[in-house]
Amino acid sequence: MSDEMVEIFHEELRELLESLERGLIDLQVSPDDEGLVNQVFRDLHTIKGSGAMFGFVDLAAFIHDFETAFDKVRSGQVKVTNELIKLGLAARDEIPGLVEGTDDPDGVREEILAALTAMTADAGDAGDAPPAPAAEEPLDLDFGEPLPEPEPETAGATLRFTLTDDALGLGAIPSVVLGELRDLGGTDLKADISRVPGLSDLDIDVCYVGWSMYFPDGISREDIDEVFMFAEADWSLEEDAPAEGGFDLDLGELAAENGEEQGVGFFAPEEPAEEPVAEAPKAAPAPAPAPAAPKPPAKAPAAKPDASAEPAASVRVPAARLDTLMDSVGELVTVEARLTELARQSRDAAIIATAEEVARLAARLRDATMTMRMVPMRTLVARCRRLIMGLSDDLNKPVEFEVHGEETELDKTVIEKLADPLVHILRNAIDHGMETQEQRETTGKPMIGKVELSAVHAGGEVLIRVKDDGRGMNPDVIRHKAIERGLINSDMVLTDSQIFMLIFEPGFSTAETVTELSGRGVGMDVVRRTIEGLRGNIEVASKLGEGTTVTLRLPLTLAIIDGLLIEVDDERYTLPMSAVKEIFELPPEKTLASRTGDYLDIRGHFVPFIRLRTIFECTGDAPTEQNVVVVEAGESRIGIVVDHIIGTNQTVIKQVSKLQHSARSISGATILGDGTVSLIIDVPQLLAQAGPLVDSSKEAAA
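(A) Seen up close, the overall build of the protein. Each helix and strand counted, the protein has 24 helices and 21 strands in total. Across the protein, the fraction of contacts at a sequence separation of at least 24, relative to all contacts at a separation of at least 6, is 69%. On the protein, roughly 38200 Å² of surface is accessible, and the fraction owed to carbon and sulfur atoms is 53%.

Shown next as structure tokens:
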């Protein structure tokens, strides 16, 4: 098969594995949810069918046993338990290795399948025990009593099918199809070779053989459709005559007419069966409502048009193409800014109108492209649930994990880079933050701890919070450790929020011993570096004995933002509009710097402000009239004094070189309409530089 088809298989496999893992984990929370059980079974069936079609025989065999175990769950013979979920997740983890051809020298896969089989076999036998007497009941019937009317669902049926001419070329394997039909109860397999041509006319890519198979207990059209999901075929289903309508059959009367006990002969020759069929009209008045019973199965084919219409609702597009499209849109935005500048300079009404129309179209294209790149948070939730489940078992700390806002969307690049920080934060919440059951009982807390993960939009940002009800953080212990490691001086005065941020310093850890999970002081440092790389910031709130909340503030996208263009000392800079709250003129009495700090009284609240001329060490003279831009990051608010406000624009973010990485107050750059470069100010980092003023303003406001 072509490399493109194999790549498509791997992409679909990744999605199916994510869906399978999510379904198994959700089943642990809702074990009686039939929809989840069916989803897990469908995922397994699809993986098996796709794997067989692409020649992964070992994968198909492994999934077949896995699927058989969950088929008993689907049929209600086996109950969902935590042990079954763990085995299912362990089996799921082996699937990538089977695809890559990794050996299993320790026999882990065989052990998993053996455990699954043993668990479902024991439960299945127990579940099948009650119906056993019903199987012997017909032997005790009095031949004078009429046999209950046969159910249409248990009537036999014959399936005849032929694979389409191009099925083999598309990867269909007849032996796999026949095996699945046999698993559904098919017997009496017969091959139809009437279409096989002479040797000179044979086409190796065409399947000329047809088959017929008898199903004593019948088979539904839905099951047939599932079998032929990956192998196109023309098929027909012929049900036995009793399935078309019911009638009363008096075995005692039949035995008397024939002079022998043929009443128990359900597999007798066809001749005796003709007599009751002929008498069917006599019994028609009694079972008059019976013909209505077979109607529901007949509705199954009507659902086919809806199912076939679903794939047209979405198109699979490689992520690389979306990245290329986003880059092209970014270049278009830059050219549009250049056109707008030229139109302004020309003062030609026609050119200005054209530039405005191009600007509108570029904005619409930008929004549409950014929407295509958005991915819901739920893609990370399954991984988080799996992590919580494993940590809870390993540390013997029962934890209830709640998720809110999993449909909140973020740029796919943000989602991809957010996985590791969330893993470290959740791991710390359970390993460091959560008490043991004995400790929680002593303090009067519920025996089962709680960890909440939430995501919500807030303007142009997304707030992601991880909250636990554990022991909380002790600022005195953190401060002592920081002084001990030389991170701060003993005479430094820090607020609790500043002390809590010390846990993100490289090498910082309060753990007494190093374990497999923590103690090396590298996890939270990775969190901070990753979040700052995403142009986000972190806030930590904690109360001793009650728990800790870690909040991540992240931008919706990393590609194009709305920016406010400002000027300082004849240089232009860009502020993200999502951080801008209000703009006003700097009062004349505040023009000169104050030794005790610069503050503004904004509607009764004291807000500190900083001068970009001072931070950027500008040497020119400041204009007599300046403006203040009030920005906000997290719970901190500060004013930024600038020379001039130029206006808003669409800002295409370009990464700065490694030479500029030391300038922490700059997060990137953008190209303006006149071809010049404008540096993008990193508001959280700017507020960090003005930390003492911000903290003082909070105390003054309080």
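(B) Spatial organisation of the packing of helix α14 (residues 319–346) against helix α15 (residues 349–372). Where α14 contacts α15, the axes come no closer than 9 Å and their chain directions differ by 160°. It follows that α14 is roughly antiparallel to α15 by the angle criterion. Taken as a pair, α14 and α15 cross one another with a handedness that is left-handed. Across the interface between the two elements, Leu 322, Leu 325, Met 326, Val 329, Leu 332, Glu 336, Leu 339, Thr 340, Ala 343 and Ser 346 from α14 touch Ile 351, Ile 352, Ala 355, Val 358, Ala 359, Ala 362, Leu 365, Arg 366, Thr 369, Met 370 and Met 372 from α15.

(C) Representation of the nonpolar core. Counting residues in hydrophobic clusters, the biggest one holds 46 residues, and the most contacted among them are Met 377, Leu 418, Leu 422 and Ile 464. Sort the elements by how many residues they give to this core and helix α17 (residues 412–433) lands first, with nine residues. Apart from residues lying up to four places away in sequence, Leu 422 is in contact with Met 377, Leu 380, Cys 384, Leu 453, Ile 464 and Val 466. Of all hydrophobic cores here, the second largest spans 37 residues; its members include Leu 24, Ala 91, Leu 98 and Leu 113.

(D) View of the confidence of the model for the protein. Here the protein averages 77 in pLDDT, and 78% of its residues register 70 or above. Element-level mean pLDDT values for the protein span from 38 in helix α12 (residues 295–298) up to 92 in strand β13 (residues 571–576). Contacts from residues 124–144, a stretch scored under 50 in pLDDT, to residues over four places away or in other chains number 12 contacts. A low-confidence stretch, residues 241–312 stays under pLDDT 50, and its non-local contacts, those more than four residues away or across chains, total 36 contacts.

(E) Expanded view of the side chain of Glu 67. When you line up the elements, Glu 67 lands in helix α3 (residues 57–74). Look past the residues within four positions of Glu 67 in its chain and what remains in contact with it is Phe 41, Leu 44, His 45 and Lys 48.

(F) Region of interest: the sheet that holds strand β20 (residues 666–671). Pairing is mixed across the open sheet formed by five strands, whose spatial order is β19-β12-β13-β21-β20. At either margin of the open sheet sits one strand with a lone partner, and together these are β19 (644–652) and β20. Averaged over all pairs of adjacent strands, the angle between strand axes in this sheet comes to 35°, irrespective of strand direction. Note: β20 against strand β21 (residues 677–681), five bridges, orientation antiparallel. Its bridge partner being in β21, Ile 671 is matched across the sheet by Val 677.

(G) Quick peek at the sheet that holds strand β6 (residues 399–404). What the five strands build is an open sheet, ordered β6-β8-β9-β11-β10; its pairing is mixed. In this open sheet, the two strands that pair with only one neighbour each are β6 and β10 (537–543). With strand direction ignored, the average angle separating the axes of adjacent strands in the sheet is 15°. Bridge count between strand β9 (residues 461–468) and strand β11 (residues 547–555): eight bridges; the pairing is antiparallel.

(H) Up close: α14. Taking 1.5 Å of rise per residue, the 28 residues of α14 would be expected to cover 40 Å, and the 41 Å separating its terminal C-alpha atoms lies within 8% of that figure. Turning to α14, its buried residues number three or more, namely Leu 322, Met 326, Val 329, Gly 330, Val 333, Thr 334, Glu 336, Glu 341 and Ala 343. Where α14 terminates, the next one or two residues include Arg 347, which has phi positive at roughly 60°.

(I) Seen up close, the packing of aromatic side chains. The tally for this structure, following the rule as stated, stands at three aromatic pairs. With a centroid separation of 5.2 Å and 15° between ring planes, the pair formed by Phe 9 and Phe 56 is classed as stacked. Residue Phe 9 is located in helix α1 (residues 3–29), and its partner Phe 56 is located in the loop between α2 (34–53) and α3; the two are separated by 47 residues in the primary sequence. Phe 56 shares its class with Phe 9; the two are buried. Aromatic pair Phe 161 and Trp 211: ring centres 5.6 Å apart, planes at 25°, arrangement stacked. Of the two residues, Phe 161 is situated in strand β1 (residues 157–163) and Trp 211 in strand β3 (residues 210–215); the sequence distance between them amounts to 50 residues. The residues Phe 161 and Trp 211 share a single accessibility class, namely buried. Looking at Arg 74, its charged tip hangs above the ring of Phe 41, at a distance of 3.8 Å from the centre.

Rules used throughout
- Residues numbered from 1 in each chain as written.
- Predicted model: local features only at pLDDT ≥ 70, side-chain atom pairs only at ≥ 80, totals over all residues.
- Heavy atoms only, no water.
- Helix = DSSP H or I, 4+ residues; strand = E, 2+ residues; numbered from the N terminus.
- Contact = heavy atoms within 4.5 Å.
- Areas by Shrake-Rupley, 256 points an atom, 1.4 Å probe, with all protein chains shown as cover.
- Axes fitted to C-alpha atoms, helices over the stretch in contact; angles between N-to-C directions.
- Parallel < 35°, antiparallel > 145°, perpendicular 65-115°, else oblique.
- Left-handed = near helix turned anticlockwise from the far one by under 90°.
- Core = buried A, V, L, I, M, F, W, Y, C linked by side-chain atoms within 4.5 Å.
- Buried < 20%, exposed > 50% of the residue type's maximum accessible area, 1.4 Å probe, protein only.
- pLDDT = per-residue confidence, 0-100.
- Pairing = 2+ DSSP bridges.
- Expected span 1.5 Å × (residues − 1).
- Phe/Tyr/Trp six-rings, centres within 6.5 Å; stacked < 30°, edge-to-face > 60°.
- Lys NZ or Arg CZ within 6 Å of the ring centre and 35° of its normal.

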